[in-house]
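Fold and geometry: a report
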Amino acid sequence: MAGTAAGHPLDTIKVRLQTEHVGVATSNAATKNATMFRTWTGLVTTFHTEGMSGLFKGLLSPLLGQAFINAIIFGVKNNVYKRLDDDYKQSVRGHMISGSAAGFAQSFAACPIELGKVRVQLQGQGLSKEKYKASKSKGSISSIYHIFKREGIKGCYRGMSVTVFRDCTGFTIYFGVFEGLCMKRKQMKKIEDVEFSYLLLFGGLAGVSSWIASHPIDVIKSRLQADGVKGKDKYKGTIDCLRKSIKHEGGRVFLKGMFANLSRAFVVNAVIFPCEEYFRRWHKKHL
């Protein structure tokens, strides 16, 4: 939960960069500048105009759901891994297969949680804290509830197919890189022997590696979930969103918000893996 909170300001900037200029033709230079230089500008501008609360918009739903999602991720991953043949357990392949299964399972919880988060992160951009409160904007939990009332359960799973694709891809690499680095560190010995400092480093590198691969998919996911926030829906589905995004903004659209995403990924995942591993060691030792 601490990692989620610490990385949320960068997540807010990531989502805003990913969804800007939607449906508007932009030059490659403009998109490149947005990717390389606008993360820190976005942080400063948002803080200056919206205050600290502007950077933490939409935090409630992921904060409340993070423990549940992590329970799904590590629970499914460990149970699938236990059921694999010994040949798979002796290599990174076993961790990649079980990681993919974990990504698939957790996407059913992540999709509606991220939908509420994205909707709130895009509210009141540029408004002061006082004006934002006066606009009576909804929080992330309230946003999910109103989407459910208006569109039913289907509306809460907007962007579900691309979320599954993103998470299966991301967690395959996520666990593969982490476990592979740990194996390399201890020459195939148990992960329990890896030092805490290396767990921090390997967790951060695993998070960055997974998001390098899945970030382009995440751009489309963010756009689908943000669709309709500022008026009428622009996209008919995932393929239509992909086609229109490339048509108007070119291939560089898939780099939007990447620096913010990778920075957040290192911070968050450098915390998650060591915490999970040390809890598992404590549980094995004392219970």
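My aim in this report is to walk through the structure given alongside it, one point at a time. (Residues numbered from 1 in each chain as written. Predicted model: local features only at pLDDT ≥ 70, side-chain atom pairs only at ≥ 80, totals over all residues. Heavy atoms only, no water.)

Concerning empty space enclosed by the protein
Put simply, the test is: The method works on a 1 Å grid over the protein atoms by themselves. A cavity is a set of points holding a 1.4 Å probe that cannot get out, a pocket is an open set with protein on both sides within 12 Å along at least five of seven lines, and residues with an atom within 4 Å of a point line them. Grid points are joined across faces, edges and corners, and a volume is the space filled by probe spheres set on the points. Helix and strand definitions here come from DSSP, where helices need a minimum of 4 consecutive H or I residues and strands a minimum of 2 consecutive E residues; each element is numbered from the N-terminal end. Note that Gly is not counted as nonpolar here; it falls among the polar residues with everything else outside the nonpolar set of Ala, Val, Leu, Ile, Met, Phe, Trp, Tyr, Cys and Pro and the charged set of Asp, Glu, Lys and Arg.
Enumeration according to the criterion identifies 1 cavity of 30 Å³ or more in this entry. Of the pockets and cavities examined, the largest cavity occupies roughly 630 Å³. Surrounding the largest cavity, 31 residues form its lining, Gln66, Glu114, Trp211, Arg264 and Val268 being those nearest its centre. At the level of secondary structure, the elements contributing two or more residues to the lining of the largest cavity comprise helix 1 (2-19), helix 4 (60-82), helix 6 (92-121), helix 9 (160-186), helix 10 (196-226) and helix 12 (258-286). Among the elements that line the lining of the largest cavity, the one with the most residues is helix 4, at 6 residues. In the lining of the largest cavity, the residues fall into 12 nonpolar, 10 polar and 9 charged.

A look at the nonpolar core
When a protein is soluble and globular, its nonpolar side chains tend to lie buried together. Applicable threshold: In these notes, a set of buried Ala, Val, Leu, Ile, Met, Phe, Trp, Tyr and Cys residues joined through side-chain atoms within 4.5 Å is what counts as a nonpolar core. Using a 1.4 Å probe on the protein chains alone, a residue whose accessible area is under 20% of its type maximum counts as buried, one over 50% counts as exposed, and one in between counts as partly exposed.
If you look at the biggest cluster of nonpolar residues, it comprises 20 residues, and the most contacted ones within it are Ile73, Tyr174, Phe175, Phe178 and Phe273. The dominant element in this core, judged by the number of residues it contributes, is helix 9, at 5 residues. Listed in part, the 9 residues of the second largest apolar core include Val162, Leu224, Cys241 and Val253.

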